[in-house]
Amino acid sequence: QVQLVESGGGLVQAGGSLRLSCAASGRTFSSYAMGWFRQAPGKEREFIGAISGRGVSTYYSDSVKGRFTISRDNAKNTVYLQMNSLKPEDTAVYYCAATGAGYTGSHYPHQYYYWGQGTQVTVSS
């Protein structure tokens, strides 16, 4: 069982930056590939990016590539989402999720086993 807790959301102006954190419980954090998703009101949950268990490989959606960066610190059981050049359309609830190595980089929410509660990011124009 893995528990995930996101933090770092908030209100930011367009063009600004935020860094989200996702802290995980458990001693086997490095065995999980991690993903970040977001969901805006009335829309489906959207894949943003993912990172492999050791942090060697990262994956991004076209909508955030070049603006967002995913990293992890396995010693701290934490994965990060650095968001730069934020746009109003980035406004959403952001979720981190954990999955097994076989689903590393997956874009599909149903392939993730554990989810955080989400953190709101609002980008004003």
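Check the entry above for the structure.
Heads up: these notes are all about the structure in this document. (Residues numbered from 1 in each chain as written. Predicted model: local features only at pLDDT ≥ 70, side-chain atom pairs only at ≥ 80, totals over all residues. Heavy atoms only, no water.)

### Some remarks on the pairing of strand 8 (residues 78-83)
Right, so step 1: Extensive coverage of strand 8 is indicated by the burial of 5 of its 6 residues.
Right, so step 2: Here strand 3 (residues 18-24) pairs with strand 8 via 6 bridges, running antiparallel. The partner of A23 across the bridge, within strand 8, is T78.
Right, so step 3: Relative to strand 8, strand 7 (residues 68-73) is paired through 6 bridges, and the arrangement is antiparallel. Paired with D73 across the bridge in strand 8 is T78.
Right, so step 4: The antiparallel hairpin formed by strand 7 and strand 8 contains 4 residues in its connecting segment, where N77 sits at a positive phi of about 50 degrees. (Buried < 20%, exposed > 50% of the residue type's maximum accessible area, 1.4 Å probe, protein only. Helix = DSSP H or I, 4+ residues; strand = E, 2+ residues; numbered from the N terminus. Pairing = 2+ DSSP bridges.)

### Here's the deal with the nonpolar core
Across soluble globular proteins, you tend to see nonpolar side chains buried next to one another.
Right, so step 1: Of all hydrophobic cores here, the largest spans 28 residues; its most connected members are L4, M34, W36, L81, M83 and Y94.
Right, so step 2: With residues near it in sequence (within four places) discarded, M83 still touches G16, S17, L18, L20, R67, F68, Y94 and V121. (Core = buried A, V, L, I, M, F, W, Y, C linked by side-chain atoms within 4.5 Å. Contact = heavy atoms within 4.5 Å.)

### Looking at the environment of L4
Right, so step 1: As for its placement among the helices and strands, L4 is situated in strand 1 (residues 4-7).
Right, so step 2: Spatially, the C-alpha atoms of L4 and A97 are 7.4 Å apart, while their sequence positions differ by 93 residues.
Right, so step 3: For L4, the contacting residues outside a window of four places in its chain are C22, A23, A24, M34, C96, A97, A98, Y114, W115, G116 and Q117.

### Concerning the pattern of salt bridges
Right, so step 1: This structure, assessed with the given rule, holds 4 salt bridges.
Right, so step 2: Where D90 meets R38, a salt bridge forms, and the shortest distance between an N and an O atom there is 2.8 Å. With a gap of 52 residues between them, D90 in the loop between strand 8 and strand 9 (92-99) and R38 in strand 4 (residues 33-39) connect regions that are remote in the sequence.
Right, so step 3: The buried category is assigned to D90, whose relative accessible area is 0%. (Salt bridge = Lys/Arg side-chain N within 4 Å of Asp/Glu carboxyl O.)

### Focus on the packing of aromatic side chains
Right, so step 1: Under the defined criterion, the tally for this structure stands at 8 aromatic pairs.
Right, so step 2: Ring geometry for Y32 and Y114: centres 6.0 Å apart, planes at 75 degrees, overall edge-to-face. Placement of the pair is Y32 in the loop between strand 3 and strand 4 and Y114 in strand 10 (residues 114-115), with a sequence separation of 82 residues. Of the two residues, Y32 and Y114, neither departs from the other in class, the shared state being buried.
Right, so step 3: Between the aromatic rings of F37 and W115, the centroid separation amounts to 5.1 Å while the plane-to-plane angle is 55 degrees, which identifies the pairing as tilted. A residue pair is termed long-range when its members are at least 10 positions apart, and F37 in strand 4 and W115 in strand 10 qualify at 78 residues.
Right, so step 4: Among the aromatic residues, ring-to-ring pairing joins F37, F47, Y95, Y112 and W115 into one connected group.
Right, so step 5: Just above the ring of Y95 sits the side chain of R45; from NZ or CZ to the centre is 3.9 Å.
Right, so step 6: In this arrangement the basic side chain of R45 is found over the ring face of W115, its NZ or CZ atom lying 4.8 Å from the centre. (Phe/Tyr/Trp six-rings, centres within 6.5 Å; stacked < 30°, edge-to-face > 60°. Lys NZ or Arg CZ within 6 Å of the ring centre and 35° of its normal.)

### Digging into the state of the cysteines
Right, so step 1: Inspection of every chain in the model, using the stated rule, returns 1 disulfide.
Right, so step 2: Between the sulfur atoms of C22 and its disulfide mate C96 the distance is 2.0 Å. Here C22 and C96 share a disulfide; its torsion about the S-S bond, 60 degrees, makes the bridge right-handed. With a gap of 74 residues between them, C22 in strand 3 and C96 in strand 9 connect regions that are remote in the sequence. (Disulfide = S-S within 2.5 Å.)

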